[in-house]
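Chain by chain, the residues:
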Amino acid sequence: MTFIKQANISVSVTMAEDSVIAQSLYLDREKELQGTVCADINTYNIKEAFCEIVKETDKDMEGLRRISFPEGTKCHIDGKRRVAGLLGEPRNRHVKYMMDQCINGMIQAESYIYRERGFEDRESYNRFWDEIEEKGCRMYSHPHRDDLRWMDYIPQYERKHLLFSRYKNIEIKKAGNAYEGRARFIDSYHELYADCCCDEKTGDIETFEISYCRAPGKCCFDNNIHSGELLGRNIFRLTKGELVEIFGRSEGCYHLVELSKDLVEFFQESEAELTEVSHGI
């Protein structure tokens, strides 16, 4: 067995006086970068956003880059849409990823500052997401009578500084005539895993296993039924759209889409390196 490459991604969201600050960190062998977004705690309007790239294969991308979101852009769902417009060029994909991670974390952190965000009580915050996510993912499309309401599911400690944490690890190794990939996802609310094996010569997926250990709804754990849906597909040719169709929408899970996308893109970014390994270069 030969370990080829790994990547680690983290997101943390903290509260400081009238601000909420999200920081994302990405580290692999070739890249090291950090994204930061600061938003007003009441309006969630973005005050400041920047990304520092301290190591990149494209040396022209290294340095501190400030992201100029239009005034009034909220660090929420609409902010994610703005990121695509601001950072849509291919060479900006890593900066876009860091901004997306920060905003994802900020959305998840909101559960602990619902009062500051203008919600009357916990139930009104529950209803807010019930409306947004109607048929949005498997948990909301197939609720179980024993499922807890979101605000009862999350850890109940009333957070003072640390609002949210997330860690992901992606790894590729060579075992025999195959490449094995593994992806791990753990945050304040969820824990899930994805493991795949693909032919070293063709890149065709031979196995793709999904497992949930912690999630808010009973039906979340049923997402493992998607484990066989990538078999025979070429891991180097899969697109984000295909992953959304397979793992997302009303029968899937946002977090599974994100984790599988991270794993597939890591393979695709490493394709040249893997080719050299398979040919003994």
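For the structure itself, consult the block above.
Residue indices begin from 1 for each chain and proceed along its sequence in written order. pLDDT decides what is reported in this predicted model: residues at 70 or higher carry local features, side-chain atom pairs at 80 or more are listed and counted, and totals for whole chains, interfaces and linings draw on all residues regardless. Only hydrogens and water are removed before side-chain values are computed, so all heavy atoms of the structure are retained for them.

**Re the packing of aromatic side chains**
Pairing of aromatic side chains here covers Phe, Tyr and the six-membered ring of Trp, requires ring centres within 6.5 Å, and sorts the geometry by plane angle: under 30 degrees stacked, over 60 edge-to-face, intermediate tilted. Under the definition given, this model contains eleven aromatic pairs. Between W150 and Y153, the aromatic rings sit 5.9 Å apart at their centres with planes inclined by 40 degrees, giving tilted as the arrangement. Within this pair, W150 and its partner Y153 are both found in helix α5 (residues 150-153), separated by three residues, close to a single helical turn. Each member of the pair, W150 together with Y153, is buried. On the basis of an interplanar angle of 65 degrees and a centroid distance of 6.3 Å, the ring pair of F236 and F267 is categorised as edge-to-face. Taken together, the residues F236 in the loop between β9 (205-214) and α6 (240-247) and F267 in helix α7 (residues 254-269) connect sequence positions 31 residues apart. When its relative accessible area of 14% is taken as the criterion, F236 is described as buried. Residue F267 is classed as buried on the basis of its relative accessible area, which comes to 0%. For helices the rule is a DSSP run of H or I covering at least 4 residues; for strands it is a run of E covering at least 2, with both sets numbered from the N terminus onward. Summary of the burial criterion: residues with accessible area below 20% of their type's maximum are buried, those above 50% are exposed, and those between are partly exposed, where the area comes from a 1.4 Å probe applied to protein chains only.

**Comments concerning the pairing of strand β7 (residues 178-187)**
Burial of β7 is extensive: seven of the ten residues sit out of reach of the surface. As paired strands, strand β6 (residues 162-175) and β7 are joined by ten bridges and run antiparallel to one another. Note on β7: the bridge partner recorded for Y167 is I186. Being paired, for any two strands, means DSSP has found at least two bridges between them. Counting the residues between successive antiparallel strands, the hairpin from β6 to β7 contains two residues, one of them, G176, with a positive phi of roughly 65 degrees. Two strands pair when backbone bridges link them, and β7 and strand β8 (residues 191-199) are joined in this way by nine bridges, in the antiparallel orientation. Residue G181 lies in a different strand from β8, and its bridge partner there is C196.

**Looking at the sheet that holds strand β4 (residues 46-55)**
Pairing is antiparallel in the open sheet, where nine strands are placed in the order β5-β4-β3-β2-β1-β6-β7-β8-β9. Edge positions in the open sheet fall to β5 (63-66) and β9, since each of these has one partner strand only. Each adjacent strand pair in this sheet contributes to an overall mean axis angle of 10 degrees, direction not counted. Any two residues whose heavy atoms approach within 4.5 Å at even a single point are treated as in contact. For helices, the fitted axis covers only the stretch in contact; all axes are lines through C-alpha atoms, and the angles between them, taken along N-to-C directions, range from 0 to 180 degrees. Those strands touched by helix α2 (residues 93-109) are β1 (2-16), β2 (19-27), β3 (32-40), β4, β5, β6 and β7, and its axis lies near 45 degrees from that of β3. The strands touched by helix α8 (residues 271-278) are β1, β6 and β7; relative to β1, the strand with the most contacts, the crossing angle is about 155 degrees.

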